[in-house]
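What the coordinates show
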Amino acid sequence: MARTLTPPSRPAVRRALLAALGIALLGHAAVLGWVSVLLQPPSLLRELAQPMYTRTLQAKAPAPTPDAVATQVAANSAPNRPSAHILPAPAAIKNKAKNHAKPAPKPARAASAAAEDQAPTVTDTGTGTAQAGAPDAIAPADSTTPGSDSPDAAAQIAAAPQAAASAPAQAASAAASAPSVAAASAPEPTASAPAVAASGAVPAFVQTWPGDTRLSYQLSGNYRGELHGSAQVLWQREGTRYQAVVQMDLGILLSSRFTSQGAITEQGLQPEVYEEQVRQRRRGVRIGEDVRLNNGDRVPRPNAVQDAASQFVELGHRFATGQVPLRPGGQVNFWLARPGGVDEWTYDIVGEETLQLPTLGAVQAVHLKPRPLAKPRGSIVAEIWFAPSLQYLPVRIRITQGEDSYVDLLVQTIDQR
């Protein structure tokens, strides 16, 4: 008996055609994406060796800024600071020295008496200790002290005016050592800093910047639903060259990386190349005598211009070195170069807040919030929190795009080389 074949229904045929069309479109999109990556200009970034991190930072009292150190040194060297006073020698010491001195001819005895009348005692009223080489260094007039009855006592007292004359030189030497004491309280350099500075291979100002640093963040947010992921801010320097990277990873949904490379100068960071890559799309800026935007246009290069990655490290360094005081109500102005243009940004210093960080716990941080641009190139705004107890590093970054879209980065760990 012959079997009758039933033709497929129209809905089934339609579904099959739609599925085939979808597969074809996905294939074409993948091919176009691959071709667009191949057609992109080569990256201008220079590959750097991956650093090895050897320690994890914990919150501690911030080091004093240079202004604070200078103020303290000036206070220590002020004229009204308690200093050494020269007092007449106690009568007991003089009488005892005379009683135990060897008999001598009359002229010698007269000279000894004259020397005794001039002998001073140097006492530090600030610390209560005798200055080295002063008569108080001689054993006091106590019969239980070894050597107090020595026949040389008169000779030591006679030598006291010379010791007193050397006291101003000792005080000057102590004052000269004050800058080195102040320098000891400055931010601790890397382990190789003394050798590098001594050899002259790297300028001394480079040592004011942190060593290779990795800040790892916990990422949360919202974009058509909750977001969860991770982020990092990476800082690396080789001699007077630097690299700053901000990268965020949200899985297959979104990954982005913003990289700045350039030079470290006495005036701060000097970016030369900035690139940002969102998924597979790459855009960049070249900064030289002028600023070359992503579309090829050239615009004037403002003084001390930064980019979207270098700004985090540059601002932290300005705060750590006292160039900009972190006072509520203050502000920070600088130019920012991005692939679409160059704009002047103003960050208002909102004030100090206590942040609950996932691993480090409660940490005090200063909140900076940017003002809206007169001619915005988009709706993205980044607020930053810098922690004085963690080398003025950015411990929180909140990036918003409109009212309901944002990502919030809270630092988990800070590793350094």
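What comes next is a walk through the structure. One numbering rule holds for all chains: residues counted from 1, following each sequence as written. Residue-level local features of this predicted model are given only where pLDDT is at least 70; pairs of side-chain atoms are given and counted only at 80 or more, and the full residue set underlies all totals for whole chains, interfaces and linings. To obtain the side-chain values, all non-hydrogen atoms of the structure were used and water was disregarded.

Quick word on the overall build of the protein
Operational definition: Here a strand is any run of E in DSSP of at least two residues, a helix any run of H or I of at least four, and the numbering for each starts at the N terminus. Relative accessibility thresholds used throughout: buried, under 20% of the residue-type maximum; exposed, over 50%; partly exposed, between the two (1.4 Å probe, protein chains only). The contact criterion used throughout is that any non-hydrogen atoms of two residues lie within 4.5 Å. What sets the accessible areas is the Shrake-Rupley method with a 1.4 Å probe; for residues, cover comes only from the shown protein chains.
Across its full length, the protein carries 9 helices and 18 strands. Taken over 417 residues, the protein has a buried fraction of 34%. In the protein, the share of contacts with a sequence separation of at least 24, taken over all contacts with a separation of at least 6, comes to 53%. Counting only carbon and sulfur atoms, one obtains 57% of the accessible surface of the protein, whose full area is about 24700 Å².

Topic: the side chain of D415
Rules: Throughout this description, a polar contact denotes any pair of N or O atoms lying within 3.5 Å of each other; where both atoms belong to protein, one of them has to be capable of donating a hydrogen while the other can accept it, and for residues adjacent in sequence the pair is counted only when both atoms sit in side chains.
Looking at the secondary structure, you find D415 in strand β18 (residues 406-416). A relative accessible area of 10% places D415 in the buried class. Here the side chain of D415 touches T56 through a polar contact of 2.8 Å, side chain to side chain. Those residues in contact with D415 that sit more than four places away from it in its chain are Y53, R55, T56, D212, T213 and R214.

Digging into the pattern of salt bridges
As a reminder of what qualifies: We define a salt bridge as a side-chain nitrogen of Lys or Arg found within 4 Å of a carboxyl oxygen belonging to Asp or Glu.
Enumeration according to the criterion identifies 11 salt bridges in this entry. D415 is the partner of R214 in a salt bridge, and the nearest nitrogen-oxygen pair spans 3.0 Å. A residue pair is termed long-range when its members are at least 10 positions apart, and R214 in strand β4 (residues 213-222) and D415 in strand β18 qualify at 201 residues. Owing to a relative accessible area of 27%, R214 belongs among the partly exposed residues under this scheme.

Points about the side chain of T259
For T259, the location among the structural elements is in strand β7 (residues 255-265). The exposure class assigned to T259 is buried, which follows from its relative accessible area of 4%. Apart from residues no more than four positions distant in its own chain, T259 is found in contact with L45, Q243, A244, V245, V273, Y274, E275 and A309.

Focus on unusual backbone geometry
Note on backbone geometry: most residues besides glycine have negative phi, and most peptide bonds are trans. Non-glycine residue Q391 carries a positive phi angle of around 60°. Tracing the backbone shows Q391 in the loop between β16 (380-387) and β17 (393-401). For Y392, which is not glycine, the phi dihedral falls at a positive 55°. Classification of Y392 as buried rests on a relative accessible area of 12%.

Brief notes about the packing of aromatic side chains
We apply this condition: A pair of aromatic rings is counted whenever rings of Phe, Tyr or Trp (Trp by its six-membered ring) have centres within 6.5 Å, and the orientation is called stacked for planes under 30 degrees apart, edge-to-face for over 60 and tilted otherwise.
Considering all chains together, one arrives at 5 aromatic pairs under this definition. Between W235 and Y242, the aromatic rings sit 5.7 Å apart at their centres with planes inclined by 20°, giving stacked as the arrangement. Judged by its relative accessible area of 3%, Y242 falls in the buried class. Relative to F386, the ring of F319 lies with its centre 5.2 Å away and its plane at 75°, an arrangement referred to as edge-to-face. In this pair, F319 sits in helix α9 (residues 310-320) while F386 sits in strand β16, placing the two residues 67 residues apart along the sequence. Classification of F319 as buried rests on a relative accessible area of 2%. Under the relative-accessibility criterion, F386 is labelled buried at 0%.

Focus: a nonpolar patch on the surface
Just so we agree on the cut-off: Here, patches come from residues exposed beyond 30% relative accessible area and free of salt bridges, joined within 9 Å for like charges and within 5 Å for nonpolar side chains (Val, Leu, Ile, Met, Phe, Trp, Tyr).
A cluster of nonpolar side chains, contributed by L18, L21 and L25, occupies part of the molecular surface with about 320 Å² of accessible area. Relative to the assigned elements, L18 resides in helix α1 (residues 10-39).

Notes on the nonpolar core
Generally speaking, soluble globular proteins have nonpolar side chains that are buried together. Spelled out, the test is: Here, nonpolar core means buried Ala, Val, Leu, Ile, Met, Phe, Trp, Tyr and Cys residues that are tied together by side-chain atoms lying within 4.5 Å of each other.
If you look at the biggest cluster of nonpolar residues, it comprises 52 residues, and the most contacted ones within it are Y217, F319, V332, L368, L390, V395 and V411. Counting residues per element, this core draws most heavily on strand β14 (residues 341-357), which supplies 6 residues. Apart from the residues lying within four places of it in its own chain, the contact partners of L368 are F319, L326, V332, Y347, D348, I349, E383, I384 and F386. If you look at the next biggest cluster of nonpolar residues, it comprises 9 residues, including V202, A244, L269 and V313.

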